[in-house]
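Take a look at the letters that make up each chain.
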Amino acid sequence: MLKIKLFDEEHEEDLEEAVNAFLENIPESKIKDVKYQVSISDSLRAEEEPTIYSYSILVIYSE
């Protein structure tokens, strides 16, 4: 059976740590795919609202 695990962090270092901790418990042969995405949200009023980054990874694995 295939499963997924989603990760979403505002800093790439936090994402790296979370994904690596998860992958330590999954045999490499069970990992089917990994998808990476970066999203950026920027306000028209930059002085009031900062730019927000979202770093995401989807891990597809089998049990």
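Cut-offs applied
Residues numbered from 1 in each chain as written. Predicted model: local features only at pLDDT ≥ 70, side-chain atom pairs only at ≥ 80, totals over all residues. Heavy atoms only, no water. Pairing = 2+ DSSP bridges. Helix = DSSP H or I, 4+ residues; strand = E, 2+ residues; numbered from the N terminus. Axes fitted to C-alpha atoms, helices over the stretch in contact; angles between N-to-C directions. Contact = heavy atoms within 4.5 Å. Phe/Tyr/Trp six-rings, centres within 6.5 Å; stacked < 30°, edge-to-face > 60°. Buried < 20%, exposed > 50% of the residue type's maximum accessible area, 1.4 Å probe, protein only. Lys NZ or Arg CZ within 6 Å of the ring centre and 35° of its normal.

Draft legend 1. Structural view of the sheet that holds strand β3 (residues 52–62). The three strands lie next to each other as β1-β3-β2, forming an open sheet whose pairing is antiparallel. The strands lining the two open edges of the sheet, one partner per strand, are β1 (2–9) and β2 (31–41). Sheet twist, expressed as the mean angle between neighbouring strand axes with direction ignored, is 15 degrees. Note that β1 and β3 share eight bridges and pair antiparallel. Bridged to Leu2 within β3 is Ser62. Where helix α1 (residues 12–23) meets the sheet, it contacts β1, β2 and β3, and its direction lies at approximately 155 degrees from that of β1.

Draft legend 2. Representation of the packing of aromatic side chains. Within this structure, the stated rule accounts for three aromatic pairs. Each ring, one from Tyr53 and one from Tyr55, has its centre 6.3 Å from the other, and the planes form 10 degrees; the classification is stacked. Taking the relative accessible area as the measure of exposure, Tyr55 reaches 10% and is therefore buried. Taken together through their ring pairs, the aromatic side chains of Phe7, Phe22 and Tyr61 make up a single cluster. Positioned above the aromatic ring of Phe7, the side-chain terminus of Lys5 is 5.7 Å from the ring centre.

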